[in-house]
Amino acid sequence: MKFTKKKLALAIGGALITMSVLVSGCSTGSDKKADTIKIGVVAELTGNNATYGTSITNGIKLAVQQLNDTGGLLGKKIELVVADNKSEPAEAANAMSKLVNQDKAPVVMGLFASSSAIAASNVSEAAKVPFLAVGATNPKVTLDEKTGKVKPNTFRVCFIDPFQGTVGANFILNELKLQKAAVYIDNSSDYAKGLAEFFKKACTEKGGTVVIEESYLQKDSDFKAVLTKIAAAKPEVIYVPGYYEEVGKICKQARELGITVPIIGGDGWDSPKLVEIAGASSLNNTYFTNHYSPDSTNEASKAFVDTYAKTYKQKPDAPAVLGYDGAMLLADSIKRAGVYESAKVAEALAATKDFQAVTGKTSLDASHDAVKSAVIVGFKDGKQVYRATVNP
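Everything numeric here is computed off the predicted structure, so don't read it as measured data. (Residues numbered from 1 in each chain as written. Predicted model: local features only at pLDDT ≥ 70, side-chain atom pairs only at ≥ 80, totals over all residues. Heavy atoms only, no water.)

Asker: So what's going on with the overall build of the protein chain? Residues and values would help.
Answerer: Helices and strands together make up the secondary structure of the protein chain, namely 13 helices and 15 strands. Whereas a compact globule of 392 residues would reach a radius of gyration of roughly 21 Å, the protein chain reaches 23 Å, a difference of no more than 12%. The buried share of the protein chain, taken over its 392 residues, is 53%. Considering only residue pairs separated by 6 or more positions, the protein chain has 69% of its internal contacts joining residues 24 or more positions apart. Taking the average place of the 46 positive charges on the side chains of the protein chain and the average place of its 41 negative ones, the gap between the two points comes to 5 Å. (Helix = DSSP H or I, 4+ residues; strand = E, 2+ residues; numbered from the N terminus. Rg over C-alpha atoms; globule rule 2.2 N^0.38 Å. Buried < 20%, exposed > 50% of the residue type's maximum accessible area, 1.4 Å probe, protein only. Contact = heavy atoms within 4.5 Å. Lys, Arg positive; Asp, Glu negative; His and termini not counted. Charge placed at Lys NZ, Arg CZ, Asp CG, Glu CD.)

Quick look at the structure:
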């Protein structure tokens, strides 16, 4: 096509207008930055672990609403930018990249699954943006696996698996008075593999034995052949440190096979979907370690449960309360930093000590991990029942 001077002028003018629109679009975040404090949220809103991300986001939104209603932070309102990682580690890295590079969020929080949190933290560390993991309990979230050093910009508001695995082993040995355990692991999950490792170590060191160990993969649906093999080893208890989707099917199929021994797990069990998948009767004589119980008599916990239930028409699970606690702990850190800059907020997060969270008094140690209590939760006719609180 031949360009006349007039056409050329029009083309150049159009290009300049297009560039102006693009630049205007890109600068929206910086324009808003003068009026708001932008916080990125990455969460499992769809996919196999979707209830975690939904609950986390609900908890964060509730905290932000309360903070904004009382003046916001540093005299500014909080603006959330949310990205879905689709319950996949690779998508967690993509979501984090969008939040830090495109949305220019100075701080990001979220995620319950450890594999996704590890993938996301690799991106945030490269960008030198603080990332506060909400429920990811594997030690590798805050520790660089290659160097063994603490990641300078990665933190978490939850306890870690060495503590959780020990709590589970102690409960089996000391409270249930059982010694022979089977371990059934989600071999596609850093969370499940890590928690199983710490459980086995604590169990055997304290006089218990692991009579059989088997594995499955996320999105498996038929567990009966392996469960039959496990039953033949005659364990007194089965430890299943997985996520609710597979755990529900494992519990259901175990009971259908006539396996009546206790089944124990970790915080990955905590989802309203678990009862729906397993059926209420299949969860009798099952227990899991968790971050809190909605039946806690703690005044802060009762107030949170009441407000959350009124807002979302259901009781909050652990991801919900950890999302809320994470947002409030982050807000406290921003206030202590006195300025909303990534490096200053990271310093303030690292210095967190005795923060009064709904899930209990929380301090971050030298590894950026939360030091706090755990609870034991059981089931009776499909309802969670608080059993005990265990201090670190």
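Asker: Outline the sheet that holds strand S8 (residues 237-239), supporting the account with residue identities and numerical values.
Answerer: In a beta sheet, neighbouring strands pair by backbone hydrogen bonds and run either parallel or antiparallel. Read from one edge to the other, the open sheet built from seven strands follows the order S7-S6-S8-S9-S10-S14-S15, with strand pairing classed as mixed. Lying at the two open borders of the sheet, with one neighbouring strand each, are strand S7 (209-216) and strand S15 (383-390). Pairwise comparison of adjacent strand axes, ignoring direction, gives a mean angle of 25 degrees for this sheet. Pairing geometry for strand S10 (residues 286-290) and strand S14 (residues 374-380), over four bridges, is antiparallel. By the bridge assignment for S14, Tyr287 is matched with Gly378. With respect to the sheet, helix H7 (residues 190-205) is in contact with strand S6 (180-186), S7 and S8, its orientation differing from that of S6 by roughly 165 degrees. (Pairing = 2+ DSSP bridges. Axes fitted to C-alpha atoms, helices over the stretch in contact; angles between N-to-C directions.)

Asker: Give a detailed account of the pattern of salt bridges, specifying residues and quantitative values.
Answerer: Scanning the model with the defined rule gives 15 salt bridges in all. Linked through salt bridges whose partners overlap, the residues forming this network are Lys140, Glu145 and Asp190. (Salt bridge = Lys/Arg side-chain N within 4 Å of Asp/Glu carboxyl O.)

Asker: Let's hear about the packing of aromatic side chains: which residues, and what values?
Answerer: Following the criterion strictly, the structure yields 15 aromatic pairs and no others. Taking 4.5 Å as the distance between ring centres and 35 degrees as the angle between the ring planes, the aromatic pair formed by Tyr52 and Phe112 counts as tilted. Of this pair, Tyr52 sits in helix H3 (residues 50-69) while Phe112 sits in the loop between strand S3 (108-110) and helix H5 (114-127); the two residues are 60 residues apart in sequence, bridging distant segments of the chain. Pair check on accessibility: Tyr52 and Phe112 agree, each one buried. Ring geometry for Tyr52 versus Tyr243: centroids 5.7 Å apart, planes at 65 degrees, classification edge-to-face. Of this pair, Tyr52 sits in helix H3 while Tyr243 sits in the loop between S8 and helix H9 (244-256), and the two are 191 residues apart along the sequence. Among the aromatic side chains, those forming a connected cluster through ring pairs are Tyr52, Phe112, Tyr191, Tyr243 and Tyr244. (Phe/Tyr/Trp six-rings, centres within 6.5 Å; stacked < 30°, edge-to-face > 60°.)

Asker: Kindly report on the sheet that holds strand S4 (residues 131-133), identifying the contributing residues and their values.
Answerer: Taken in spatial order, the five strands make up an open sheet running S2-S1-S3-S4-S5, and their pairing is parallel. Both edges of this open sheet fall to strand S2 (77-84) and strand S5 (154-156), since each of them pairs with a single strand only. On average, adjacent strands in this sheet sit at an angle of 25 degrees to one another, irrespective of strand direction. Summarising the sheet, S3 and S4 pair through three bridges and their orientation is parallel. Across the sheet, residue Met109 finds its bridge partner in S4, namely Leu132. Running at roughly 170 degrees to strand S1 (residues 36-43), helix H4 (residues 89-102) makes contact with S1, S2, S3 and S4 of the sheet.

Asker: I'd like a description of the packing of H3 against helix H12 (residues 318-337), backed by residues and values.
Answerer: Running from N to C, H3 and H12 point in directions that differ by 40 degrees, and their axes come no closer than 7 Å. With respect to H12, the axis of H3 lies oblique. Helix-helix and strand crossings are classified by hand; for H3 and H12 the assignment is right-handed. Listed contacts from H12 to Tyr52, Ser55, Ile56, Gly59, Ile60, Leu62, Ala63, Gln66 and Leu67 of H3 are Pro319, Ala320, Gly323, Tyr324, Ala327, Met328 and Ala331. A per-class count over the contact of H3 with H12 returns twelve nonpolar, four polar and no charged. (Parallel < 35°, antiparallel > 145°, perpendicular 65-115°, else oblique. Left-handed = near helix turned anticlockwise from the far one by under 90°. Nonpolar A, V, L, I, M, F, W, Y, C, P; charged D, E, K, R; others polar.)

Asker: Describe the confidence of the model for the protein chain, and please don't skip the residues or the numbers.
Answerer: Scored by pLDDT, the protein chain comes out at a mean of 91, with 91% of its residues at no less than 70. Segment residues 1-33: pLDDT under 50, and seven contacts once partners within four positions in sequence are set aside and those in other chains are kept. (pLDDT = per-residue confidence, 0-100.)

Asker: Could you give an account of the side chain of Ser271, naming the residues involved and the relevant values?
Answerer: One can find Ser271 in the loop between strand S9 (263-265) and helix H10 (273-278). When near neighbours in sequence (up to four residues on either side) are disregarded, Ser271 contacts Thr51, Tyr244 and Asp317.

Asker: Quick rundown of helix H13 (residues 342-350)? Include the residues and the values.
Answerer: Along an α-helix, residues three or four apart share an orientation, since each turn contains 3.6 residues. Regarding H13, the residues found buried are Ser342, Val345, Ala346, Ala348 and Leu349. Projection of H13 onto a plane perpendicular to its axis shows the buried side chains occupying an angular sector of 165 degrees, all on one side. In H13, the exposed residues that point more than 90 degrees away from the buried face are Ala343 and Glu347. In this structure, the buried residues of H13 make contact with S5, H12 and strand S12 (360-364). (Arc of directions from axis to C-beta.)

Asker: Residues and numbers for the nonpolar core, please.
Answerer: Membership of the largest hydrophobic core comes to 95 residues, with the highest contact counts inside it found for Met109, Tyr184, Val240, Trp269, Phe304 and Leu330. Sorting elements by how many residues they give to this core places H12 first, with ten residues. Core analysis: the next-biggest nonpolar cluster, separate from the first, contains 19 residues, Met96, Ala105, Ala117 and Val141 among them. (Core = buried A, V, L, I, M, F, W, Y, C linked by side-chain atoms within 4.5 Å.)

Asker: Account for H12, naming residues and giving values.
Answerer: Over its 20 residues, H12 runs 28 Å from end to end, which matches the ideal 28 Å to within 8%, given 1.5 Å per residue. Extensive coverage of H12 is indicated by the burial of 16 of its 20 residues. (Expected span 1.5 Å × (residues − 1).)

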